[in-house]
Amino acid sequence: MADKKTLTFALMDPPYENARSTTALRLINIAAKRGYDINVFAYEGSVFLAFAMQKPHPNAMHGRNVEEENHVLTKELVSSLMQEAMRNGGKIDWVNCGLCVDERGAVEAVEGVRRGSPADFLKMAATSDNTLVIVTRG
Amino acid sequence: MKALNIIETGYRATLEEQDDPGVWLAYTLKAAGADVDVLLRGNAVNYAVKDQDAGGLQYGAWRQTQPPRLAENIASLTSKGMAVFIVSEDLQERGLGGVPLIESLTPVTRNGIARLLGNYDQVWHW
């Protein structure tokens, strides 16, 4: 692919808190569909996006059990995005900031997510066509 | 104890949560026996708009099967006996004055909010 890009996304927001994480994953989805090589540096609360211990739950207000509710688990979105990238000839290198993981106890991550440091982010950015930082805002 | 649950920030994480946590909390507390009403203000007044559709979210092969249905969720509050107030000026400013809203809402003007708060022992502003 002549116009194949490499993009880096630096994320900060945890899941289930605002629409930024949803939007970030949508942008990554577009890049994955284009077969781009994608780097994700998950910093601070965003390490919980790929947290393997997430569990679905029923919802009494909706009157639905666990299966019917089919609650969004961001760990499944991360896995789906990785598969989508591979299906289109790209890949996602997802790095969770190790110190952010430790201080939150978010040690378990879905397959394909690796532990790293800001040095990985620097390397990612230096080898990318561009970098998008989606930062937490107050 | 009578409490008013004010919901101001609309669509904060609704796609991931598949509802609004403030609305969900009000519903759950009511089901547990609490005496709670709700006031929609700011961007959250959009929750009352009937014709909204958040469906279609997809990441790779993953598709959301139960998108948030916020108007239905608000309607479920009134069906449980909760009063749901909505700030008229916030609707007007957003061009929602003539848009079909769910029924059973109680409009309140900004000038009427202070009087409304006086009817409650506690006010929880989300």
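Scoring rules and cut-offs
- Residues numbered from 1 in each chain as written.
- Chains lettered and ligands numbered in written order.
- Predicted model: local features only at pLDDT ≥ 70, side-chain atom pairs only at ≥ 80, totals over all residues.
- Heavy atoms only, no water.
- Pairing = 2+ DSSP bridges.
- Helix = DSSP H or I, 4+ residues; strand = E, 2+ residues; numbered from the N terminus.
- Axes fitted to C-alpha atoms, helices over the stretch in contact; angles between N-to-C directions.
- Contact = heavy atoms within 4.5 Å.
- Buried < 20%, exposed > 50% of the residue type's maximum accessible area, 1.4 Å probe, protein only.
- Arc of directions from axis to C-beta.
- Salt bridge = Lys/Arg side-chain N within 4 Å of Asp/Glu carboxyl O.
- Disulfide = S-S within 2.5 Å.
- Buried area = accessible area lost by both parts, 1.4 Å probe.
- Polar contact = N/O pair within 3.5 Å; in protein donor to acceptor, adjacent residues only side chain to side chain.
- Nonpolar A, V, L, I, M, F, W, Y, C, P; charged D, E, K, R; others polar.
- Patch = residues over 30% accessible without salt bridge, like charges linked within 9 Å, V, L, I, M, F, W, Y side chains within 5 Å.
- Areas by Shrake-Rupley, 256 points an atom, 1.4 Å probe, with all protein chains shown as cover.
- Parallel < 35°, antiparallel > 145°, perpendicular 65-115°, else oblique.
- Left-handed = near helix turned anticlockwise from the far one by under 90°.

*Asks:* How should I be thinking about the sheet that holds strand S7 (residues 122-125) of chain B in this particular structure?
*Replies:* Strand pairs in the sheet, formed through backbone hydrogen bonds, run parallel or antiparallel to each other. Residues and elements named next belong to chain B. Sheet architecture is open: five strands sit in the order S6-S5-S2-S1-S7, paired in parallel fashion. Across the chains shown, the open sheet's two edge strands, defined by having one partner strand only, are strand S6 (105-108) and S7. For this sheet, the mean inter-axis angle between neighbouring strands, taken without regard to orientation, is 25°. Looking at chain direction, strand S1 (residues 2-7) and S7 are connected through four bridges and run parallel. Across the sheet, the residue bridging to Leu-4 is Val-123, located in S7.

*Asks:* Explanation requested: the sheet that holds strand S2 (residues 37-42) of chain A in the structure shown.
*Replies:* Residue and element names in this part refer to chain A. Read across the open sheet, the five strands follow the order S4-S3-S2-S1-S5; overall the sheet is parallel. For this open sheet the edge positions go to strand S4 (113-116) and strand S5 (130-134), each flanked by a neighbour on one side alone. Here the average twist between neighbouring strands, direction ignored, is 20°. Pairing geometry for strand S1 (residues 6-11) and S5, over five bridges, is parallel.

*Asks:* I keep staring at the side chain of Asp-120 of chain A and nothing clicks. Help me out?
*Replies:* Secondary-structure assignment places Asp-120 of chain A in helix H5 (residues 118-126). In contact with Asp-120 of chain A, other than residues within four places in its own chain, are Val-95 and Arg-114 of chain A.

*Asks:* Could you clarify how one ought to interpret helix H5 (residues 110-117) of chain B in this entry?
*Replies:* Residues that lie three or four places apart on an α-helix share one face, since the helix turns once every 3.6 residues. All names here are of chain B. Three or more residues of H5 are buried, namely Gly-112, Ile-113 and Leu-116. With its buried residues spanning 120° around the axis, H5 presents them on a single face. In H5, those exposed residues whose orientation departs by more than 90 degrees from the buried face are Asn-111, Ala-114 and Arg-115.

*Asks:* Looking at this structure, I do not really get the pattern of salt bridges. What am I missing?
*Replies:* If charged atoms from side chains of opposite charge come close, those side chains can pair. Per the counting criterion, the structure on display carries 16 salt bridges over all chains. Ionic pairing is found between Glu-69 of chain A and Arg-64 of chain A, a salt bridge with its closest N-O pair at 2.9 Å. Comparing Glu-69 of chain A with Arg-64 of chain A shows no difference in burial state: the two are buried. Taking the shortest distance from any N to any O, the salt bridge between Asp-37 of chain B and Lys-2 of chain B comes out at 3.4 Å. Here Asp-37 of chain B is found in strand S2 (residues 35-40), whereas its partner Lys-2 of chain B is found in strand S1, with 35 residues between them in sequence. Classification of Asp-37 of chain B by relative accessible area gives buried; the value is 7%. Where salt bridges share partners, they join Asp-90, Glu-93, Arg-94 and Arg-110 of chain B into one cluster.

*Asks:* What exactly am I supposed to notice about the state of the cysteines here?
*Replies:* Should the sulfur atoms of two cysteines be covalently bonded, the bond is a disulfide. Residue and element names in this part refer to chain A. For the structure on display, the rule yields one disulfide over all chains. Shown here is the disulfide that connects Cys-97 with Cys-100, its sulfur atoms set 2.5 Å apart. Handedness here is read from the sign of the S-S torsion; for Cys-97 and Cys-100, about 75°, the answer is right-handed. The class for Cys-97 is buried, based on a relative accessible area of 4%.

*Asks:* Would you mind showing me how to read the interface of chain B and chain A here?
*Replies:* Bring the parts together and some accessible area is lost; that lost area is often taken as the interface size. With 23 residues of chain B at the contact, the number on the chain A side is 28 residues. Together, Glu-16, Tyr-59 and Trp-62 of chain B form the three largest contributors to the area buried by chain B at its contact with chain A, with a combined 35%. Linking chain B to chain A there are one salt bridge. For Arg-12 of chain B, the salt bridge goes to Glu-17 of chain A, with nearest N and O atoms at 3.4 Å. On inspection of chain B and its partner chain A, the count reaches 19 residue pairs in polar contact (both at pLDDT 80 or more). When residues of the side of chain B that touches chain A are traced back to their parent elements, those giving at least two are helix H1 (14-17), helix H2 (21-31), strand S3 (58-59) and helix H3 (70-79) of chain B. Each residue belonging to the side of chain B that touches chain A can be placed in one class, and the counts come to ten nonpolar, eight polar and five charged.

*Asks:* What should I look at first to understand a nonpolar patch on the surface in this one?
*Replies:* Residues and elements named next belong to chain A. On the surface, Leu-27, Ile-30 and Leu-132 cluster together into a nonpolar patch covering about 220 Å² of accessible area. Residue position: Ile-30 is located in helix H1 (residues 19-33). The exposure class of Ile-30 is partly exposed, given its relative accessible area of 41%.

*Asks:* Explain the packing of H1 of chain A against helix H3 (residues 74-87) of chain A here, please?
*Replies:* Residue and element names in this part refer to chain A. Closest axis-to-axis distance for the H1/H3 pair is 8 Å, and the angle between their directions is 20°. Looking at the two axes, H1 sits roughly parallel to H3. In the crossing of H1 with H3, the sense of the turn from one axis to the other is left-handed. Facing Leu-25, Ile-28, Asn-29, Ala-32 and Lys-33 of H1, the residues of H3 in contact are Leu-77, Leu-81, Glu-84 and Ala-85.

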